[in-house]
Amino acid sequence: MEYIKIKNADQIVKNSIYIIDNPTAFKGKWKNVFKNNNPIDLQLGMGRGDFIIEMAKAYPNRNFIGLENNESKMVNAIKKLEFLKLPNLKLICIDAQKIDQIFNKEIDTIYLTFSEPWPKKIDEKKRFTHINYLKLYDKVFKKKKHIILKTDNKILFAYSLETLSNYWYTFKRVSLDLHNDENKIPNIMTNYEKQYFKEKRPIFYLDAIFED
Ligand SMILES: C[S@@+](CC[C@H](N)C(=O)[O-])C[C@H]1O[C@@H](n2cnc3c(N)ncnc32)[C@H](O)[C@@H]1O
């Protein structure tokens with residue numbers, strides 16, 4: 001997908017009312033940020049933000065946080081928010097590896113959508129479903145853990161099914177073709193997904209939970 005570096009992205013990001021630019025200060029206090037006790041859902045690597053913005057509009061009784069480490073992509077999301085008032089949405093510009101410095105047992109659902117597959121063995125630890133990430137998620141989830149993943153990448157999907165089940169997650173739903181599944185799954189498309197949908201590429205989907 002085309003990627004353009006935006007001039008002054010760091011300034012635009014810093015000045016947006018949607019951005020929390022010192023997220024570590026709110027560790028354990030995110031309900032104060034949203035001023036309610038509603039569930040908080042987190043998307044890792046939100047890209048240009050269509051998914052998290054549409055989720056925040058569709059589910060006003062949940063709170064959403066979009067995390068992205070690329071400032072230029074963050075600017076794309078901020079621009080879409082200019083004329084919207086979404087009190088249940090915040091954005092943070094930071095590396096996903098730092099989420100344990102930002103949240104303490106506060107997250108209800110983590111969305112992993114079209115994450116980089118990192119196909120080389122040497123990069124395996126960068127995959128968002130690597131065991132190291134699953135251990136990191138333990139620190140941010142409330143008691144129950146809930147991960148929703150979508151990807152067009154068969155290898156990443158198979159890998160994620162394996163790492164999650166080896167870590168005792170169970171699967172509420174799995175689909176090998178989300179858009180044509182005979183049991184319809186409620187879905188809001190991400191930026192990448194819109195492109196793949198046009199190209200008629202099958203999207204793999206899983207909804208995994210872990211509860212004691
Ligand atoms: C392939 S894009 C998918 C974007 C979006 N989730 C979608 O479905 O359209 C992956 C995104 O994850 C971001 N990303 C990759 N690794 C990251 C990390 N460690 N922390 C935060 N964001 C990351 C990239 O900058 C990129 O925007």
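Everything that follows concerns the structure shown earlier in this document.
Let me begin by describing the structure that accompanies this report. (Residues numbered from 1 in each chain as written. Predicted model: local features only at pLDDT ≥ 70, side-chain atom pairs only at ≥ 80, totals over all residues. Heavy atoms only, no water.)

1. Observations concerning the nonpolar core
- Judged by nonpolar contacts, the single largest core of 35 residues is most densely connected at W30, L42, L44, I99, F103, I110 and Y137.
- Elements supplying a minimum of two residues to this core: α2 (30–34), β1 (40–44), β2 (63–68), β4 (109–113), α5 (131–140), β5 (145–151), α6 (154–166) and β7 (204–210).
- A per-element tally of this core places α5 first, with five residues.
- If we ignore the near neighbours within four places in the chain, the residues touching L44 are L67, A96, I99, I110, Y111, L112, F128 and Y137. (Core = buried A, V, L, I, M, F, W, Y, C linked by side-chain atoms within 4.5 Å. Buried < 20%, exposed > 50% of the residue type's maximum accessible area, 1.4 Å probe, protein only. Helix = DSSP H or I, 4+ residues; strand = E, 2+ residues; numbered from the N terminus. Contact = heavy atoms within 4.5 Å.)

2. Brief notes about a nonpolar patch on the surface
- Taken together, F171, V174 and L176 make up a surface patch of nonpolar side chains, about 260 Å² in accessible area.
- The topology assignment puts L176 in the loop between β6 (170–175) and α7 (191–198).
- On the basis of relative accessibility, which here comes to 57%, the residue L176 falls in the exposed class. (Patch = residues over 30% accessible without salt bridge, like charges linked within 9 Å, V, L, I, M, F, W, Y side chains within 5 Å. Areas by Shrake-Rupley, 256 points an atom, 1.4 Å probe, with all protein chains shown as cover. Salt bridge = Lys/Arg side-chain N within 4 Å of Asp/Glu carboxyl O.)

3. Quick notes on the sheet that holds strand β3 (residues 89–93)
- Read from one edge of the open sheet, seven strands run β3-β2-β1-β4-β5-β7-β6, paired in mixed fashion. Bordering the open sheet on either side are β3 and β6, each of which pairs with just one other strand. Within the sheet, the average angular offset between the axes of one strand and its neighbour, ignoring direction, is 15°.
- Strand direction decides the pairing type here: β1 and β2, joined by five bridges, are parallel. The residue of β2 that forms the bridge with D41 is F64. (Pairing = 2+ DSSP bridges. Axes fitted to C-alpha atoms, helices over the stretch in contact; angles between N-to-C directions.)

Take it as geometry only, folks, not as evidence of what the structure does.
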